[in-house]
Amino acid sequence: MEIDFNKNGNGLIPAIIQDATTKNVLMLGYMNQEALNVTQETEKVTFYSRSKKRLWTKGEESGNFLNLVNIKNDCDNDTLLITVNPVGPTCHKGTDTCWAEENVQDYGFLSALEKIITSRKEDVDNPDSYVASLFRKGINKIAQKVGEEAVETVIEAKDDNEELFLNESADLLFHYLILLQAKGYHLKDIVNTLKGRHK
C-alpha cells in the first residue's frame, strides 16, 4: 500500500473510521507513518494527536478501543478508510460517533418503514391507520395476514405477471415487518439470527 504522507506538508493524512458492521462513519483522525505501523502491529487504531504532539491509541484511557478490521487507501494515496469493530462509544463526549449519531444498522427504506410501523403501533387508536387497525386486532390477525400474503406470493411466482409478483412480495414483506413488531422484534434481530447461522 503506497501512501503519500508528504502531500499535506506535515507528514499527516486523514484517516476516516468506519464501523465494519453498520458502515457508519464514526470519526476522523490523522495518522503519520508511525501511527499506521502501530495500528497494523497492534490491531488497535492509533492516531497522531496534533494537540498532544504524540501518538495516541483510541481507547488508551477510556477502554473504548477501535479494533482494526481493514485499511484501504484512496485513489490519490492520501486518505485512509479504516474499518473497525468499536468497543463502546467512539467520541470523547460519550456518543457513538463524533457527529452525535447513534451507531445502529440501517437498512435504508426498510428501516424508515420500520419506524413508520412503530409510530402506528404507538398510536394504535388511530382510526385512519391500516397498520394501527391490525395491531388492534392482535397477533392472530397479523399472523393470518402474513399467511395470506405468503400464499398469494407463491401463486404469483408460478405465473408470468412480474408486476403482480413484485406487488405481492412487497405486501408479504410489509406484513412480515408488522408481525415482527407485534412479537417485539425488528429486522435487525432476524439479520443477527442469520449471521449466527453463517459459518
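Residues numbered from 1 in each chain as written. Predicted model: local features only at pLDDT ≥ 70, side-chain atom pairs only at ≥ 80, totals over all residues. Heavy atoms only, no water.

**Student:** Can you walk me through the environment of Glu43 in this structure?
**Tutor:** Of note, Glu43 is situated in the loop between helix 1 (33–42) and strand 3 (46–49). Glu43 sits 27 residues away from Asn70 along the chain, and the two C-alpha atoms are 9.4 Å apart. With residues up to four places along the chain from it excluded, the contact list for Glu43 reads Val38, Leu66, Asn67 and Leu68. (Helix = DSSP H or I, 4+ residues; strand = E, 2+ residues; numbered from the N terminus. Contact = heavy atoms within 4.5 Å.)

**Student:** Before we go on, may I ask you to explain the pattern of salt bridges in this structure?
**Tutor:** It is possible for side chains of opposite charge to pair when their charged atoms get near one another. Taken as a whole and judged by the stated rule, the model has 4 salt bridges. Two residues, Asp78 and Lys7, come together in a salt bridge whose shortest N-O distance is 2.9 Å. With Asp78 in the loop between strand 5 (66–73) and strand 6 (80–86) and Lys7 in the segment before strand 1 (13–19), this pair connects stretches of sequence that are 71 residues apart. On the basis of relative accessibility, which here comes to 45%, the residue Lys7 falls in the partly exposed class. The salt bridge involving Glu60 is made with Arg54; its shortest N-O contact spans 3.2 Å. Given a relative accessible area of 33%, Arg54 falls into the partly exposed group. The structure contains a network of salt bridges with shared partners spanning Lys145, Glu148 and Glu149. (Salt bridge = Lys/Arg side-chain N within 4 Å of Asp/Glu carboxyl O. Buried < 20%, exposed > 50% of the residue type's maximum accessible area, 1.4 Å probe, protein only.)

**Student:** Help me out: how do you make sense of the sheet that holds strand 5 in this one?
**Tutor:** One open sheet accounts for 4 strands, arranged 2-1-6-5; its pairing is mixed. The open sheet has two edge strands with one neighbour each: strand 2 (25–31) and strand 5. This sheet shows a mean twist of 30° between the axes of neighbouring strands, independent of strand direction. The sheet contact formed by strand 1 and strand 2 spans 6 bridges and is antiparallel. In the sheet register, Gln18 faces strand 2, and the bridge partner there is Val25. Relative to the sheet, helix 1 contacts strand 2, strand 5 and strand 6, its axis offset from that of strand 5 by approximately 125°. (Pairing = 2+ DSSP bridges. Axes fitted to C-alpha atoms, helices over the stretch in contact; angles between N-to-C directions.)

**Student:** Help me understand the pairing of strand 3 in this model?
**Tutor:** With 4 bridges joining them, strand 3 and strand 4 (residues 54–57) adopt antiparallel strand pairing. The partner of Ser49 across the bridge, within strand 4, is Arg54.

**Student:** It is not clear to me how the environment of Ala100 should be interpreted in this structure. Could you clarify?
**Tutor:** Along the chain, the position of Ala100 falls in the loop between strand 6 and helix 2 (109–122). With 74 residues separating them in the primary sequence, Ala100 and Leu26 have C-alpha atoms 9.3 Å apart.

**Student:** Even after reading the chapter, I still don't get the packing of aromatic side chains, so can you show me in this structure?
**Tutor:** Note on aromatic pairs: each is described by the distance of the centres and the angle between the planes. For the structure shown, the criterion picks out 1 aromatic pair. Arranged with centres 5.3 Å apart and planes meeting at 35°, the rings of Phe47 and Trp56 form a pair that is tilted. One Lys or Arg, Lys44, reaches over the ring of Phe65 and ends 4.9 Å from the middle of that ring. (Phe/Tyr/Trp six-rings, centres within 6.5 Å; stacked < 30°, edge-to-face > 60°. Lys NZ or Arg CZ within 6 Å of the ring centre and 35° of its normal.)

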